[in-house]
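Letter by letter, the chains look like this.
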Amino acid sequence: MDFCVTTPIYYINGEPHVGHAYASTAADIIARFKRLDGFNVHFSTGTDEHGIKVARSAEKAQMDVHAFSDMMSQKFKDMSQLMNISYDDFIRTTEPRHIESAQTLWTMIESDIYKSSYVGWYDPRDETFVNESDIVDGLAPSGGKVEWMEEESFFFRLSAYQDKLLEYYEEHPDFIAPISRRNEVISFVKSGLKDLCISRSKFDWGIPVPGAIDHVMYVWIDALANYLTTFGFPHDRAKAEARMRECVHIVGKEILRFHAVYWPAFLMAANLPLPKRIFAHGWWTSEGQKMSKSIGNVVNPNEIVAKYGLDAVRYFLMREVRFGEDGDFSADAISKRINYDLANDLGNLVQRVLAFIQKRDGFLRADYNFSESAKILVDHARELIAKVRPYIDKQDLHGALDTIWGLVTESNKFVNDVKPWELAKKNDPQLDSVLTALCESLKSIAFGISPFMPGTAAKIFGFLNLKGHSFDEIQNNFESQKLPAPTPLFPKEK
Ligand code: MSP
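Please read these numbers as outputs of a predicted model, since none were measured by experiment.

Quick look at the packing of helix H12 (residues 310–319) against helix H15 (residues 397–418)
Part 1 of the reasoning: It is the contact of H12 with H15, at a shortest axis distance of 8 Å, that shows an interaxial angle of 110°. One finds that H12 runs roughly perpendicular with respect to H15. For the pair formed by H12 and H15, the contact residues are Tyr315, Met318 and Arg319 on the first element and Leu397, His398, Leu401, Asp402 and Trp405 on the second.
Part 2 of the reasoning: A breakdown of the residues in the contact of H12 with H15 according to their chemical character gives 5 nonpolar, 1 polar and 2 charged.

In structure tokens form, the structure reads like this:
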């Protein structure tokens, strides 16, 4: 079974920050879960390299725009590596395969394109056209300075898609998530769609419009087409269409409109299938304030990973707020999560069980003759993935972690109740089945956290002599064996 997930492709006019790392990590978790669950996954990310903003940034850096793009795109690749993002494809919009794909899409929607002139305001910060009524003191809603634009341009007949889009949202209630965002999109479309200007002619850092070389495509039509390119369009159209149908686009809330209104309209015009879902996540502030270069509070992924460790950062981002809501990144909040959830709950559980086995003689004597309470624990452990799956399928990553932590808490309680150290003192024959039950639980927990904290899960798999490649392994019983000595997972934060 095919499954696809995408991140937005990132603008390369600035350095990667925690917002980019967040979107990539969320998509990565979904991709990893689906792979462990037996799906044939295609996970794409990349960089959005055209447009006036990038051209100006290159100029400011006194660099050739191609060299500038190479340099900046590499920084986003490095960020992906830093965050352990398991993408299958990193797409750059300056690649020949993408230029061909975007131009093909353009020709496929040509019957809905006409030439006219655009007279109005433009916000280069967001690469978007702005209504007069949305401008306050010369600034667009993004805070960017608007510029007057008078150009002969190509327009896409977006207005013709208003009813079709509304009908589509109605018939596919899960197309846009979360629900509050879906409602916003519906009211936006109901308030009336104007035709969309889709070309620029005052600069040339973009993909040439087929048959009109003095025009380049508006950066958003170019950017959205990246999803088709990465799916193999236009050469393997059948594969691209199949992938599109199974695709979940992860996007930030401020770019939902482009993905949930413009993108489906382009696809409808081209007679191509629509993605399965568009999920809009929230924004992070830093210590209570909007992140900004001038305040100097932009959270840099390199710094937080160096300070807290990669898996702790990945965990924090997904656990601190429900996916879809806004969150605040603070040193205090991440330290608490590391100390309570990771060191106390998870780390302690792993140590309590595995260090205990080591202290005994390092042997796990597999014994599946469970007492009533051990059987309940193992049943819950073996059901864990089935309970987590629906959350992942709704992109409720926070709910998935909550469910996994339910088993962590239950296992710690089981240790407290059964007191293996007392069983050992009494030479109680139940000790082996108790430890086997706990290793079963650790195995399921390791699989559950594997998409979120792949490094930590790999350590636990190592402690248990497991491969950790597929959720199917959960149902196999342990054999009696010597286990390696565990090392601590999470040092406490001060
Ligand atoms: N290039 C476009 C996307 C084109 S997709 C076909 C773009 N790029 S971006 O680099 O500006 O933003 C990429 C993503 O980063 C967006 O989804 C945005 O929501 C996310 N974030 C940027 N700042 C953020 C936070 N402070 N917090 C969370 N995510 C944020 O838009």
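Brief notes about the sheet that holds strand E4 (residues 113–123)
Part 1 of the reasoning: Spatially, the 4 strands line up as an open sheet ordered E5-E4-E6-E8, and their pairing is antiparallel. Each end of this open sheet is capped by a strand with a single partner; those strands are strand E5 (128–130) and strand E8 (196–197).
Part 2 of the reasoning: Here E4 runs beside E5; their pairing, made up of 3 bridges, is antiparallel. From the neighbouring strand, Asp123 faces E5, where its bridge partner is Thr128.
Part 3 of the reasoning: Contacts from helix H10 (residues 256–269) reach E5, strand E6 (147–156) and E8 within the one sheet, and its direction differs from that of E6 by about 35°.

A closer look at the site of the ligand
Part 1 of the reasoning: Ile9, Asp48, Gly252, Glu254 and Trp284 are the nearest of the 23 residues found near the ligand.
Part 2 of the reasoning: One of the backbone nitrogen or oxygen atoms of Tyr11 is found 3.1 Å away from an oxygen atom of the ligand.
Part 3 of the reasoning: Here Trp284 contributes a backbone N or O atom positioned 2.9 Å from a nitrogen atom of the ligand.
Part 4 of the reasoning: For the ligand, whose accessible area on its own is 670 Å², the fraction buried by protein is 94%.
Part 5 of the reasoning: Contributing elements (two or more residues each) for the shell around the ligand: strand E1 (2–11), helix H1 (18–36), helix H7 (219–224), helix H8 (226–230) and strand E12 (247–252).
Part 6 of the reasoning: Sort the elements by how many residues they give to the shell around the ligand and E1 lands first, with 4 residues.
Part 7 of the reasoning: Of the residues belonging to the shell around the ligand, the class tally is 13 nonpolar, 8 polar and 2 charged.

Things to note about the domain arrangement of the protein chain
Part 1 of the reasoning: According to the domain assignment, the protein chain contains domain 1 (2–282) and domain 2 (331–482).
Part 2 of the reasoning: Measuring from the centre of the C-alpha atoms in domain 1 to the corresponding centre in domain 2 gives 42 Å.
Part 3 of the reasoning: Each side of the interface is counted separately: domain 1 has 14 residues, and domain 2 has 17 residues.
Part 4 of the reasoning: Counting the surface domain 1 buries against domain 2, the share from its top three residues, Ile29, Phe33 and Leu36, is 51%.

Points about the environment of Glu383
Part 1 of the reasoning: Position of Glu383 relative to the elements: it lies in helix H14 (residues 372–393).
Part 2 of the reasoning: According to the relative accessible area criterion, Glu383 is partly exposed, its value standing at 37%.
Part 3 of the reasoning: Separated by 91 residues in the primary sequence, Glu383 and Ile474 have C-alpha atoms spaced 9.5 Å apart.

Considering the pattern of salt bridges
Part 1 of the reasoning: Taken as a whole, this structure holds 31 salt bridges when the rule is applied.
Part 2 of the reasoning: We note a salt bridge from Asp402 to Arg319, for which the minimum N-O separation is 3.1 Å. Here Asp402, found in helix H15, pairs with Arg319, found in helix H12; they are 83 residues apart in sequence, far enough to count as distant.
Part 3 of the reasoning: For Asp402, a relative accessible area of 36% translates into the label partly exposed.
Part 4 of the reasoning: Here Arg319 falls in the buried class, since its relative accessible area comes to 14%.
Part 5 of the reasoning: Between Glu320 and Arg337 there is a salt bridge whose closest N-O contact spans 2.8 Å. Here Glu320 is found in the loop between H12 and strand E15 (327–329), whereas its partner Arg337 is found in helix H13 (residues 331–360), with 17 residues between them in sequence.

About the cut-offs
- Residues numbered from 1 in each chain as written.
- Predicted model: local features only at pLDDT ≥ 70, side-chain atom pairs only at ≥ 80, totals over all residues.
- Heavy atoms only, no water.
- Axes fitted to C-alpha atoms, helices over the stretch in contact; angles between N-to-C directions.
- Helix = DSSP H or I, 4+ residues; strand = E, 2+ residues; numbered from the N terminus.
- Parallel < 35°, antiparallel > 145°, perpendicular 65-115°, else oblique.
- Contact = heavy atoms within 4.5 Å.
- Nonpolar A, V, L, I, M, F, W, Y, C, P; charged D, E, K, R; others polar.
- Pairing = 2+ DSSP bridges.
- Near = heavy atom within 4 Å.
- Polar contact = N/O pair within 3.5 Å; in protein donor to acceptor, adjacent residues only side chain to side chain.
- Areas by Shrake-Rupley, 256 points an atom, 1.4 Å probe, with all protein chains shown as cover.
- Domains from an automatic or database assignment.
- Buried area = accessible area lost by both parts, 1.4 Å probe.
- Buried < 20%, exposed > 50% of the residue type's maximum accessible area, 1.4 Å probe, protein only.
- Salt bridge = Lys/Arg side-chain N within 4 Å of Asp/Glu carboxyl O.

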